[in-house]
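Report on the structure
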Amino acid sequence: MRLARPDDLAGIVALTTEAYAPYTAIFDAPPIPVTEDYGPRIGRGEVWLLQEGSDLAGLIVLERHADHAMIFSVAVSPAFQGRKLGIRLLDFADKQARSWGVPEVRLYTNSRMARNIALYAAYGYRETGRRANPYRPGWTLVDMAKPVDRAA
């Protein structure tokens, strides 16, 4: 794992677009992480990259808050899916949250991403609520949280 640099931007955009492509087709619109401007996030040190050899295999966007870490996006390249790299990225979020001294990791996902919700629940996240997506009328967000000391 390493922090992203400005010259990683094109790779981040490409990986995110590819990883979220199945949902773009289902939703008839790209999920928020696909349309995000990652330049400022790279500048704030929020984007970490997972490499396999010289290839960009995955990434996690993790925001630091006073009382929690917030996962904005977890994306694994389709070429690397099925290798439990998503779990490695979630493990990294836990480790980072512990190093920041915050008690939990939070995330939100679209209510129609049932596979992701099940994965997060199996990893120890609990649903904390649902709310309308303020940027996409008709979409519902599922908020989830996990104490950092809780093993999957």
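Residues numbered from 1 in each chain as written. Predicted model: local features only at pLDDT ≥ 70, side-chain atom pairs only at ≥ 80, totals over all residues. Heavy atoms only, no water.

1. A look at the environment of Ala57
Tracing the sequence through the fold places Ala57 in strand β3 (residues 55-64). Classification of Ala57 by relative accessible area gives buried; the value is 0%. The spatial distance from the C-alpha of Ala57 to the C-alpha of Ser77 is 5.3 Å, given a sequence separation of 20 residues. The contacts of Ala57, once residues within four sequence positions are left out, are Leu15, Leu50, Gln51, Glu52, Ala75, Val76, Ser77, Phe80 and Leu85. (Helix = DSSP H or I, 4+ residues; strand = E, 2+ residues; numbered from the N terminus. Buried < 20%, exposed > 50% of the residue type's maximum accessible area, 1.4 Å probe, protein only. Contact = heavy atoms within 4.5 Å.)

2. Some points on the sheet that holds strand β7 (residues 140-147)
Strand order across the open sheet formed by 7 strands is β1-β2-β3-β4-β5-β7-β6, with mixed pairing between neighbours. The two strands at the open ends of the sheet, each matched to only one other strand, are β1 (2-3) and β6 (126-132). Pairing of β6 with β7 involves 6 bridges; the strand directions are antiparallel. Paired with Ala132 across the bridge in β7 is Thr140. (Pairing = 2+ DSSP bridges.)

3. Quick look at the pattern of salt bridges
Side chains that carry opposite charge are capable of pairing whenever their charged atoms lie near each other. Going through the model one piece at a time under the given rule, you end up with 12 salt bridges. The partner of Arg5 in a salt bridge is Asp7, and the shortest N-O contact between them spans 3.4 Å. Its relative accessible area of 40% is what places Arg5 among the partly exposed residues. A relative accessible area of 58% places Asp7 in the exposed class. Asp143 is the salt-bridge partner of Arg131, the closest N and O atoms lying 2.8 Å from each other. With a gap of 12 residues between them, Arg131 in strand β6 and Asp143 in strand β7 connect regions that are remote in the sequence. (Salt bridge = Lys/Arg side-chain N within 4 Å of Asp/Glu carboxyl O.)

Take it as geometry only, folks, not as evidence of what the structure does.
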